[in-house]
Amino acid sequence: QVQLVESGGGLVQAGGSLRLSCVASGVIFRINAMGWYRQAPGKQRELIASISTDKRTNYADSVKGRFTITRDNAKNRVYLQMNSLKPEDTAVYHCNVVIPKAPDWQPRDYWGQGTQVTVSS
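Reference entry: report on the structure contained in this document. Remember, predicted model here, so these are calculated numbers, not experimental data.

### Notes on the packing of aromatic side chains
Scanning the model with the defined rule gives 1 aromatic pair in all. Over the aromatic face of Tyr79 sits the side chain of Arg19, whose NZ or CZ is 4.3 Å from the ring centroid. Arg45 extends its terminal NZ or CZ atom over the ring of Trp111, reaching a point 4.3 Å from the ring centre.

Here is the structure:
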């Protein structure tokens, strides 16, 4: 019913930049919060950036000042601009959106398949 498609991952050298994109499609009346998570080998999945409907943002301390999350409500898209990348940023990055769904219209989480980001030194 809802599909998230991510793009923009890849291999980049330390200090470089990548821009991740995620588009949501399906039966969607509105989208509440949107965010990006990542999971590195041997570590738990962590929330690195989120953005509310009114575009308030929050970032994990590890990415503050380097990453920027934005959203386009009209296109059901969320982006993550990643600058000054470090080897420790290497992880699988997942898009997450919160969507109220019938029949009870409670908010539900939806996840993308993930895109690999590898930062070499």
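Here the narrative resumes, following the displayed structure.
### Description of the pattern of salt bridges
Per the stated rule, a full pass over the model turns up 6 salt bridges. Asp54 is paired through a salt bridge with Arg56; the nearest N and O atoms lie 3.0 Å apart. A residue is classified by how much of its surface remains accessible, and Asp54, at 49% relative accessible area, is partly exposed. Since its relative accessible area comes to 57%, Arg56 is described here as exposed. One salt bridge connects Asp104 with Arg108, and the closest N-O pair in it is separated by 2.5 Å. By relative accessible area, Arg108 is classed as partly exposed at 31%. One network of salt bridges, in which partners are shared, links Arg38, Glu46, Arg66 and Asp89.

### Quick word on the side chain of Ser52
Checked against the element boundaries, Ser52 lands in the loop between strand E5 (46-51) and strand E6 (57-59). For Ser52, a relative accessible area of 16% translates into the label buried. Polar contacts involving the side chain of Ser52 include one to the side chain of Asp54, which spans 2.4 Å.

### Some thoughts on unusual backbone geometry
Of note, the bond from Ala102 into Pro103 is cis; its omega dihedral lies within 30 degrees of zero at 10 degrees. Structurally, Pro103 is set in the loop between strand E9 (91-101) and strand E10 (106-111). A positive phi angle, close to 55 degrees, is found at Asn76, a residue other than glycine. One can find Asn76 in the loop between strand E7 (67-72) and strand E8 (77-82). Looking at Asn76, the relative accessible area reads 22%, which means it is partly exposed. In this structure, Trp105 takes a positive phi of about 60 degrees despite not being glycine.

Definitions and limits used
- Residues numbered from 1 in each chain as written.
- Predicted model: local features only at pLDDT ≥ 70, side-chain atom pairs only at ≥ 80, totals over all residues.
- Heavy atoms only, no water.
- Phe/Tyr/Trp six-rings, centres within 6.5 Å; stacked < 30°, edge-to-face > 60°.
- Lys NZ or Arg CZ within 6 Å of the ring centre and 35° of its normal.
- Salt bridge = Lys/Arg side-chain N within 4 Å of Asp/Glu carboxyl O.
- Buried < 20%, exposed > 50% of the residue type's maximum accessible area, 1.4 Å probe, protein only.
- Helix = DSSP H or I, 4+ residues; strand = E, 2+ residues; numbered from the N terminus.
- Polar contact = N/O pair within 3.5 Å; in protein donor to acceptor, adjacent residues only side chain to side chain.

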